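An overview of the molecular structure
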Amino acid sequence: MYTLGEFIIKNRDRFSYSTESLLRLFSSIKLASKAIHKEVNKAGLTEEIIGSSGITNVQGENQQKLDQFAHRVFIESFKSRNVVCGIASEESKDFIVIKGKQEDISQNQYIVLIDPLDGSSNIDVNVSIGTIFSVYMRKSPIKMNLTIEDFLQKGNQQILAGYIIYGSSTILVYSAGNGVHGFTLDPSFGTFYLSHYNICFPKMEKIYSINEGNYYKFSNGIKKFIRYCQEKKDNRPYTARYIGSLVGDFHRNLIQGGIYIYPKTASYPEGKLRLLYECNPMAFLSEQAGGKASDGNQRILDIEPTKLHQRSPLICGPKGMVSKLEEFIVDCE
Ligand code: P6P
């Protein structure tokens, strides 16, 4: 029963970054996720937590109180461990600079892009929600000020990515480039224990996840793929599962074998999901788990970012399913 810290130390020679700074980074992520776990698990009981804050966030979305709480908790937690120099959050228009303590400024070189609480519209209906994070090394010289270029890095430059799912249990899933591993929180000890070693998409492709309510807004290639999933042939029809929470849908598909699709629609001509702190981390995990992730035309991790909160279509899952959908998109162009 390895703890997350023990696992990182055991695998230190497989990481390309200082084990000490990685342990401090994960220490801040664990601290914040335990605080959020505690609030999420009593959201129904505490008036000040459930429901809308009455504030509209930078995305023009109605900010839930727990979104705000999660955003604040992660910022403070990263500040306290002096290991992160800059954060971009879905809940903040601009990036946030964290001044390192002079004595060890060389330590805090990590850049974190985060969706503190994705799927938060599901809080009041008790559906799994999650935190999604993506980590890079800063590009600008240590003594210089951070610039937007430190944040607009391609997904293929990520050194670490993962999510925490707050569901029937709280599980931290991450990859640092050596496979995908999951750690389940034991709330009685407040400790994350290794529960899913080297997660790979199963060979059996079983599930497709897409909001079929948008069917008439989809391109012909997407419509053709949906009909393909529903055909009685080979190991089809696939099962349709979609809960409207990216982390919940992704985690189930990663474990059971399925594709997640959020394509362009009339309402979201660029796609709905955010490239930097939703699509890139999920794409990194998908590839590390033996799968594939694209926007329908190109590999997500190769997309050149131009704006902090830019959106992208996201198709991720087992290689065969993603490639089949890409084939239909090309056929129908
Ligand atoms: P729709 C939640 O708002 C979210 O960003 C993702 O977590 C989720 O997969 C998607 O949007 C759901 O969007 O349009 O299907 O409700």
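Every value quoted in this text rests on a predicted model; they were computed, and no experiment measured them.

1. A few points about the sheet that holds strand E15 (residues 314-318)
With respect to topology, five strands assemble into an open sheet ordered E12-E11-E13-E15-E14, the strand pairing being mixed. The strands lining the two open edges of the sheet, one partner per strand, are strand E12 (239-240) and strand E14 (291-294). By the bridge criterion, four bridges tie E14 to E15 in an arrangement that is antiparallel. Residue Ala293 lies in a different strand from E15, and its bridge partner there is Cys316. Strands E14 and E15 of the sheet are contacted by helix H6 (residues 275-288), whose axis makes an angle of about 155 degrees with E14.

2. As for the site of the ligand
Around the ligand, the structure places Asp118, Gly119, Asn211, Tyr242, Gly244, Ser245, Leu246, Tyr260, Tyr262, Lys272 and Leu273. With respect to the ligand, the side chain of Asp118 contributes an N or O atom lying 2.5 Å from an oxygen atom. In the model, an oxygen atom of the ligand is placed 3.0 Å from a nitrogen or oxygen of the Asn211 side chain. When the free accessible area of the ligand is taken as 400 Å², the share hidden by the protein chains comes to 79%. Grouping the amino acids of the shell around the ligand by side-chain chemistry returns five nonpolar, four polar and two charged.

3. A short note on the side chain of Ser28
Residue placement: Ser28 occurs in helix H2 (residues 19-40). In this structure Ser28 comes out as buried when scored by relative accessible area, which is 0%.

4. Topic: helix H5 (residues 246-256)
For the α-helix, the turn length of 3.6 residues means that residues three or four positions removed from each other point alike. Among the 11 residues that make up H5, nine are buried, leaving the element largely enclosed by the rest of the structure. Leu246, Val247, Gly248, Asp249, Phe250, His251, Arg252, Asn253 and Leu254 are the residues of H5 that are buried. Just beyond H5, the residue with positive phi is Gly257, at close to 95 degrees.

5. Let's talk about the domain arrangement of the chain
Parsing the chain into structural domains produces domain 1 (4-196) and domain 2 (207-332). Taking only C-alpha atoms, the centre of domain 1 and the centre of domain 2 are 24 Å apart. Contacts between the two partners involve 49 residues from domain 1 and, on the opposite side, 31 residues from domain 2. Our count for the contact surface shared by domain 1 and domain 2 stands at two salt bridges. Ionic pairing is found between Lys154 and Glu304, a salt bridge with its closest N-O pair at 3.9 Å. Linking domain 1 to domain 2 there are 13 residue pairs in polar contact (both at pLDDT 80 or more). Elements with a minimum of two residues in the side of domain 1 that touches domain 2: strand E3 (84-89), strand E5 (110-118), strand E6 (129-137), strand E7 (160-166) and strand E8 (170-175).

6. Focus: the pattern of salt bridges
Throughout the structure, instances matching the rule amount to 14 salt bridges. For Arg236, the salt bridge is made with Asp234, and the minimal N-O distance between the two is 3.1 Å. For Asp302, the salt bridge identified is with Arg299, shortest N-O distance 2.9 Å. A residue is classified by how much of its surface remains accessible, and Arg299, at 33% relative accessible area, is partly exposed.

7. What about the pairing of E6?
Of all nine residues that make up E6, eight are buried, and the element is covered over most of its length. Across seven bridges, the pairing between E5 and E6 is antiparallel. Each bridged residue has a counterpart across the sheet, and for Ile111 the counterpart in E6 is Tyr136. As defined by bridge partners, E6 adjoins E7 across seven bridges and the pair is classed as antiparallel. Pairing of Phe133 across the sheet is with Gly162, part of E7.

8. Focus: the packing of aromatic side chains
One pass over the full model with this rule turns up 14 aromatic pairs. With 6.4 Å between their ring centres and 20 degrees between their planes, Tyr242 and Tyr260 make a pair best called stacked. With a gap of 18 residues between them, Tyr242 in the loop between E12 and H5 and Tyr260 in strand E13 (residues 258-262) connect regions that are remote in the sequence. Ring-pair connections join several aromatic residues into one group, and the members of that group are Phe7, Phe26, Tyr174, Phe183 and Tyr197. The ring of Tyr228 carries Arg236 above its face, with NZ or CZ at 3.8 Å from the centroid.

9. What to know about the sheet that holds E5
Read from one edge to the other, the open sheet built from eight strands follows the order E4-E3-E5-E6-E7-E8-E9-E10, with strand pairing classed as mixed. Only two strands of the sheet have a single neighbouring strand rather than two, namely strand E4 (96-97) and strand E10 (191-196). Relative to strand E9 (residues 181-186), E8 runs antiparallel, the two being bridged by four bridges. Residue Val173 lies in a different strand from E9, and its bridge partner there is Gly182.

Calculation notes
Residues numbered from 1 in each chain as written. Predicted model: local features only at pLDDT ≥ 70, side-chain atom pairs only at ≥ 80, totals over all residues. Heavy atoms only, no water. Pairing = 2+ DSSP bridges. Helix = DSSP H or I, 4+ residues; strand = E, 2+ residues; numbered from the N terminus. Contact = heavy atoms within 4.5 Å. Axes fitted to C-alpha atoms, helices over the stretch in contact; angles between N-to-C directions. Near = heavy atom within 4 Å. Polar contact = N/O pair within 3.5 Å; in protein donor to acceptor, adjacent residues only side chain to side chain. Areas by Shrake-Rupley, 256 points an atom, 1.4 Å probe, with all protein chains shown as cover. Nonpolar A, V, L, I, M, F, W, Y, C, P; charged D, E, K, R; others polar. Buried < 20%, exposed > 50% of the residue type's maximum accessible area, 1.4 Å probe, protein only. Domains from an automatic or database assignment. Salt bridge = Lys/Arg side-chain N within 4 Å of Asp/Glu carboxyl O. Phe/Tyr/Trp six-rings, centres within 6.5 Å; stacked < 30°, edge-to-face > 60°. Lys NZ or Arg CZ within 6 Å of the ring centre and 35° of its normal.

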